[in-house]
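# Tertiary structure, described
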Amino acid sequence: MRALAVDLGGSHASCAVVADRDVVARETVSLEAARGLAGALPAIAEALLRVAARAGVAAGECAGLAFGFCGLVDSSTGRVLSTNAKYDDAPGLDLPGWCRAALGVPLRLENDARLALLGERHAGAARGFDDVVMVTLGTGIGGSAMIGGRLLRGKHFQAGVLGGHLVADFEGRPCTCGGVGCVEAEASTWALPGICRAMPGYATSALARHERLDFEAVFGEAAAGDAVATAVRDRCLRVWAAGAVAMVHAWDPEVLVIGGGVMREGGAVLPAIEAHVHAHAWTPWGQVAVRAAALGERAALLGAVPLLQER
Ligand SMILES: [Zn+2]
């Protein structure tokens, strides 16, 4: 099966033609100048037509367009339900109608984290497993879950995808979701500057010299021996590990797949989470496999075929 695929990020969209487990052709379009999602759709459609031409197919010959969106979506109707400061015009848009008119194929809209899980299960780190939890550690904390080979969606399409908003510290930092002490508020790139500045000793630490307080800075300075950076790094590792145990308890997976930009920071993240999960998750049947995501930015694109084949 050939499919069109879009993975929509905050400032760009990755547009592709995929065939089963291969990305046949792919193009990234910048959406910096676009006004909302409505303003971005023409550039996305043009990019899809270009990648289809490069792949040697007409867009209309593809089985459909799998569209990964960074928010809550109703996957049964193809409507966006809720956004978080990105593409706030999206809930008012008729995306299936746009897709039919611009590309001549049906649309399947899905949350981007769910689409990435489908990709990792189809062609990556979770291949062969029917019970999967995936978490992405980065600007925010994404999550998704599959139980018995079916994506967990829930009554209001938000089951599984709010794993970053499980509570790690009930007396913790305020989160953008309205919660307090969410995993995302305690250990994500957007929260990191505030976390660093609140750490005792920050003003005289090596971190204070960084213009940009991201995980590259924190892991780098920790490796160089800075005590404050080490404290921030180790606290974030414990937050992610606690979140991972909570997700294992909530959704009973066989495998936990961990991806996102934070995984680029050396080899420390996965072993720390794995050790904590194996020590603290209540899994009398055995041990949850903890694996690094294998597909990187291609994961959501490679979720297209299984999404379109889903019954
Ligand atoms: Zn939250």
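Residues numbered from 1 in each chain as written. Predicted model: local features only at pLDDT ≥ 70, side-chain atom pairs only at ≥ 80, totals over all residues. Heavy atoms only, no water.

## Some words on the coordination of the zinc ion
- Coordination of the zinc ion by the protein comes from His165 (ND1), Cys175 (SG), Cys177 (SG) and Cys182 (SG), over a distance range of 2.0 to 2.4 Å.
- Classification of the site at the zinc ion rests on its four donor atoms, whose angles at the metal span 105 to 122°, yielding the label tetrahedral.
- Ordering the donors of the zinc ion by residue number gives the pattern H-x9-C-x1-C-x4-C. Of this pair, His165 sits in the loop between strand S10 (150-151) and helix H4 (183-186) while Cys175 sits in the loop between S10 and H4; the two residues are ten residues apart in sequence, bridging distant segments of the chain.
- A residue is classified by how much of its surface remains accessible, and Cys175, at 11% relative accessible area, is buried. (Donors = N, O, S within 2.8 Å, 3.2 Å for Na, K, Ca; no water. Tetrahedral: all angles 85-135°; square planar, octahedral: opposite > 155°, others 65-115°. Helix = DSSP H or I, 4+ residues; strand = E, 2+ residues; numbered from the N terminus. Buried < 20%, exposed > 50% of the residue type's maximum accessible area, 1.4 Å probe, protein only.)

## Some thoughts on the packing of aromatic side chains
- Inspection of every chain in the model, using the stated rule, returns four aromatic pairs.
- Ring geometry for Phe67 and Trp98: centres 6.3 Å apart, planes at 85°, overall edge-to-face. One end of the pair, Phe67, is in strand S4 (residues 65-69); the other, Trp98, is in helix H2 (residues 95-103), and 31 residues separate them in sequence.
- Classification of Phe67 as buried rests on a relative accessible area of 0%.
- In this structure Trp98 comes out as buried when scored by relative accessible area, which is 15%.
- With 6.2 Å between their ring centres and 55° between their planes, Phe69 and Tyr87 make a pair best called tilted. One end of the pair, Phe69, is in strand S4; the other, Tyr87, is in the loop between strand S6 (79-82) and H2, with 18 residues separating them in the sequence. As far as burial versus exposure is concerned, Phe69 and Tyr87 are alike and both buried.
- An aromatic cluster is built from Phe215, Phe219 and Trp240, whose rings are joined through pairwise contacts. (Phe/Tyr/Trp six-rings, centres within 6.5 Å; stacked < 30°, edge-to-face > 60°.)

## A word on the sheet that holds strand S8 (residues 132-137)
- Ordered by their spatial adjacency, five strands build an open sheet running S10-S9-S8-S11-S12, and the pairing between neighbours is mixed. Since the sheet does not close on itself, it has two edges, and those belong to S10 and strand S12 (289-292), each with one partner.
- In this sheet, S10 lies alongside strand S9 (residues 141-147) in antiparallel orientation, the contact comprising two bridges. Within S10, the residue paired with Met146 across the bridge is Leu151.
- Along the sheet, helix H7 (residues 227-251) makes contact with S8, S9 and strand S11 (255-259), crossing S8 at roughly 155°. (Pairing = 2+ DSSP bridges. Contact = heavy atoms within 4.5 Å. Axes fitted to C-alpha atoms, helices over the stretch in contact; angles between N-to-C directions.)

## Description of the environment of Ser75
- Relative to the assigned elements, Ser75 resides in the loop between strand S5 (72-74) and S6.
- In contact with Ser75, not counting residues within four places along its chain, are Arg108, Leu109, Glu110, Arg153 and Phe157.
- At 3.0 Å, the side chain of Ser75 forms a polar contact with the side chain of Arg153. (Polar contact = N/O pair within 3.5 Å; in protein donor to acceptor, adjacent residues only side chain to side chain.)

## Section: the sheet that holds strand S2 (residues 12-19)
- In spatial order, the strands read S3-S2-S1-S4-S7; together these five strands make up an open sheet with mixed pairing. Here the strands that pair on one side only, and so sit at the sheet edges, are strand S3 (22-30) and strand S7 (107-111). Each strand axis lies, on average, 20° off the axis of its neighbour in the sheet, ignoring direction.
- Examined bridge by bridge, S2 and S3 share eight bridges and lie antiparallel to one another. Bridge assignment links Ala19 to a residue of S3, and that residue is Asp22.
- Those strands touched by helix H1 (residues 36-55) are strand S1 (2-8), S2, S3 and S4, and its axis lies near 145° from that of S3.

## Concerning the state of the cysteines
- Using the criterion set out here, one finds zero disulfides in the structure.
- Unpaired in this structure, Cys236 has its nearest cysteine sulfur neighbour in Cys196, at a distance of 7.4 Å.
- Using a relative accessible area of 1% as the deciding quantity, one classes Cys236 as buried. (Disulfide = S-S within 2.5 Å.)

## So, the side chain of Glu27
- For Glu27, the location among the structural elements is in strand S3.
- Within the structure, Glu27 has its side chain in polar contact with the side chain of Arg50 (distance 2.5 Å).
- In this structure Glu27 touches Ala13, Ser14, Cys15, Ala47, Arg50, Val51 and Arg54, once residues within four positions along its chain are discounted.

## So, H1
- The end-to-end C-alpha distance of H1, which contains 20 residues, comes to 29 Å, matching closely the 28 Å that a straight helix rising 1.5 Å per residue would cover.
- Helix geometry: H1 is bent most strongly at Pro42, by close to 30°.
- Along H1, the residues that are buried comprise Leu37, Ala40, Leu41, Ile44, Ala45, Ala47, Leu48, Val51 and Ala52.
- The positive-phi residue at the C-terminal boundary of H1 is Gly56, with phi of around 80°. (Expected span 1.5 Å × (residues − 1). Bend = angle between axes of the 7 residues up to and from the residue.)

## Some details on empty space enclosed by the protein
- The full count for this structure, using the stated rule, is one cavity of 30 Å³ or more.
- Along the walls of the largest cavity sit Val135, Leu137, Ile141, Val183, Trp240, Gly243, Ala244, Met247, Ile258 and Ile273, which together make up its complete lining.
- The element that contributes the greatest number of residues to the lining of the largest cavity is H7, accounting for four residues.
- Classifying every residue of the lining of the largest cavity by side-chain character gives nine nonpolar, one polar and no charged. (1 Å grid on protein atoms, 1.4 Å probe; cavity = no way out; pocket = protein on both sides within 12 Å on 5 of 7 lines; lining within 4 Å. Points joined across faces, edges and corners; volume = space filled by probe spheres on them. Nonpolar A, V, L, I, M, F, W, Y, C, P; charged D, E, K, R; others polar.)

Structural measurements only, silent on function.
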